[in-house]
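Spelled out from the first residue to the last, the chains are:
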Amino acid sequence: MKAQSLSVVVPNKQCINNCAFCVSHMHTEEYKNLMDDGQPLFDLYLKDYLKRLDFAQRNGCNTVMLTGNTEPQQNRKFLTYFGLFMQMMRNPFDWIEIQTTGLLLDRNYLRFLRNHVGVNLISLSVSSFDDDENASIIGMPEGMKVNLRQLCADIKEYDFTLRLSLNLNKSFLPEKEDISLGDNLVASMVWAEELFKKCQEFGADQVTMRVLYASDNQTPQSKWVKEHAMPYEYLTAIGNHVQSCGKPLGILPYGATKYSLHGMSVVVDNDCMGKGVSNEDNSKLPEQDTYKYLILRPDCKLYSQWDDKASLIF
């Protein structure tokens, strides 16, 4: 079995945000939180948890992504434990990332993530470069808007690697939405170039262009994605710009190509839910036990898909 990375779900009861496109609201599966030190059998569950961490590493995972259905930094106690887990493992993970919108991350919290938890990379989920619009789409609590430019500067000052994960919606479109990029190659190249230069302005080392996912269910989130997702011609313009102006750096285990562009590592992610392992032409790879990532949930078990309990591995 091969997997590119391990996604660790940080347990929280409810997310502080209310993202308009949040995939966790598109399904209703619930998983018990056994990583609670108030549990009577916490010592047993702790051993199970460490066993899964070791299993994932021995099966090809060299990267841990701290993530989940909420903001990971809401549960500082768990992150404190996770830092201790790395010290307890015989072969701890050297590369630890955190996926976040940046809410609650001040300079002291960044220092904690760097020094104790061992986070190397912060993947900042961005839905607009305008702070007000970004806060509105993400559904941040009143009065808790993130200053993206300042946060990016702080992240770089503490020497984290900064990845901007752009949730591709209409907020990134040019002001004149009547421009038909499909009919104007020059306009499409200029717009895509400006989008990547904006990422460069914010100090990004890496950029992930995340195509938004909508389930077949008629949830408010799915409806929002269908109405506000970036139109196909703009997605095509991004892909064309990356392929024509970027230099291929290699192919990731799940099939996507990583490019060098303007000094940044760029990936276009068409499979944010990890539904399948595919080549650039979207054909399925023949190796059945190859996964984009494994998911370690608070029930101390490993899964391969976010929205299907049947994807239980171990």
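Residues numbered from 1 in each chain as written. Predicted model: local features only at pLDDT ≥ 70, side-chain atom pairs only at ≥ 80, totals over all residues. Heavy atoms only, no water.

## Things to note about the overall build of the chain
Secondary structure assignment for the chain yields 8 helices and 11 strands. Burial status across the chain gives 52% buried among its 314 residues. In the chain, the share of contacts with a sequence separation of at least 24, taken over all contacts with a separation of at least 6, comes to 73%. When the accessible surface of the chain is summed, it comes to about 15,200 Å², and 47% of that surface belongs to carbon and sulfur atoms. (Helix = DSSP H or I, 4+ residues; strand = E, 2+ residues; numbered from the N terminus. Buried < 20%, exposed > 50% of the residue type's maximum accessible area, 1.4 Å probe, protein only. Contact = heavy atoms within 4.5 Å. Areas by Shrake-Rupley, 256 points an atom, 1.4 Å probe, with all protein chains shown as cover.)

## Some words on the environment of Asn-240
Summarising the element assignment, Asn-240 is placed in helix H8 (residues 232-245). Between the C-alpha atom of Asn-240 and that of Ser-188, which follows or precedes it by 52 residues, the distance is 8.9 Å.

## Section: the packing of aromatic side chains
Scanning the entire structure with this criterion turns up 14 aromatic pairs. An angle of 80 degrees between the planes, with centres 5.1 Å apart, marks the rings of Trp-191 and Tyr-234 as edge-to-face. Of this pair, Trp-191 sits in helix H6 (residues 185-201) while Tyr-234 sits in helix H8, and the two are 43 residues apart along the sequence. For Trp-191, a relative accessible area of 6% puts it in the buried group. Here the aromatic cluster, defined as three or more aromatic residues joined through ring pairs, consists of Phe-42, Tyr-49, Phe-78, Tyr-81, Phe-82 and Phe-85. Seen from the ring of Tyr-31, Lys-309 lies directly overhead, with NZ or CZ sitting 5.1 Å from the centre. (Phe/Tyr/Trp six-rings, centres within 6.5 Å; stacked < 30°, edge-to-face > 60°. Lys NZ or Arg CZ within 6 Å of the ring centre and 35° of its normal.)

## Brief notes about the nonpolar core
Formed by 85 residues in total, the largest nonpolar core has its most connected members in Leu-6, Leu-53, Leu-66, Phe-82, Leu-113, Leu-164 and Leu-166. Among residues more than four places away in sequence, those in contact with Leu-166 are Val-126, Phe-129, Phe-172, Leu-195, Cys-199, Thr-208, Met-209 and Arg-210. Grouped together as the second largest cluster of nonpolar side chains are 6 residues, Val-9, Tyr-293, Ile-295 and Trp-306 included. (Core = buried A, V, L, I, M, F, W, Y, C linked by side-chain atoms within 4.5 Å.)

## Some remarks on the sheet that holds strand E1 (residues 2-9)
Sheet architecture is open: 11 strands sit in the order E7-E8-E9-E6-E5-E4-E3-E2-E1-E10-E11, paired in mixed fashion. One side of each edge strand has no neighbouring strand; the edge strands of this open sheet are strand E7 (247-251) and strand E11 (302-303). Relative to strand E5 (residues 161-168), strand E4 (residues 121-126) runs parallel, the two being bridged by 6 bridges. Note on E5: the bridge partner recorded for Val-126 is Leu-166. Against the sheet, helix H1 (residues 42-58) touches E1, strand E10 (290-296) and E11, its axis set at about 165 degrees to E10. (Pairing = 2+ DSSP bridges. Axes fitted to C-alpha atoms, helices over the stretch in contact; angles between N-to-C directions.)

## Observations regarding the pattern of salt bridges
On inspection of all chains with the given rule, the structure shows 12 salt bridges. One salt bridge connects Arg-107 with Asp-154, and the closest N-O pair in it is separated by 3.0 Å. Pair noted here: Arg-107 is in helix H3 (residues 107-117) and Asp-154 is in helix H5 (residues 148-157), with a separation of 47 residues, a long-range link. Residue classification places Asp-154 among the buried positions, given a relative accessible area of 9%. Glu-157 serves as the salt-bridge partner of Arg-107, at 2.9 Å between the closest nitrogen and oxygen. Linking Arg-107 in helix H3 with Glu-157 in helix H5, this pair joins segments that are 50 residues apart in sequence. (Salt bridge = Lys/Arg side-chain N within 4 Å of Asp/Glu carboxyl O.)

## Remarks on the pairing of E4
E4 sits mainly inside the fold: 6 of its 6 residues count as buried. Because side chains alternate across E4, one face comprises the buried residues Leu-121, Ser-123 and Ser-125, and the other comprises Ile-122, Leu-124 and Val-126, equally buried. The pairing of strand E3 (residues 95-100) with E4 spans 4 bridges and is parallel. Each residue of the ladder has a partner; that of Ile-98, found in E4, is Ile-122. The parallel pair E3 and E4 is bridged by H3, and the resulting crossover is right-handed. (Right-handed = clockwise from strand over helix to strand, strands pointing away.)

## A look at the packing of helix H2 (residues 76-88) against H3
Across the interface, H2 lies against H3 with an axial gap of 9 Å and an inter-helix angle of 25 degrees. Taken together, H2 and H3 sit at an angle that is classed as roughly parallel. Here H2 contributes Arg-76, Leu-79, Thr-80, Phe-82, Gly-83, Leu-84 and Gln-87 to the contact with H3, which in turn contributes Tyr-109, Phe-112, Leu-113, His-116 and Val-117. (Parallel < 35°, antiparallel > 145°, perpendicular 65-115°, else oblique.)

## Quick word on the environment of Leu-212
You can see Leu-212 is positioned in the loop between strand E6 (206-211) and helix H7 (220-228). Here the alpha-carbon distance between Leu-212 and Asn-167, two residues 45 residues apart in the chain, equals 6.4 Å. Setting aside chain neighbours within four positions, we find Leu-212 in contact with Phe-21, Asn-167, Leu-168, Asn-169, Trp-224 and Val-225.

## Considerations on H2
Helix length check: H2, at 13 residues, gives a terminal C-alpha distance of 18 Å against a target of 18 Å (1.5 Å per residue), a fit within 8%. Turning to H2, its buried residues are Phe-78, Leu-79, Phe-82, Gly-83, Phe-85 and Met-86. With its buried residues spanning 155 degrees around the axis, H2 presents them on a single face. Next to the buried residues of H2 lie E1, H1, strand E2 (63-67), E3 and H3. (Expected span 1.5 Å × (residues − 1). Arc of directions from axis to C-beta.)

## Some details on the pairing of E1
In terms of burial, E1 is largely enclosed, as 6 of its 8 residues are buried. The pairing of E1 with E2 spans 4 bridges and is parallel. By the bridge assignment, Val-8 is partnered in E2 with Leu-66.

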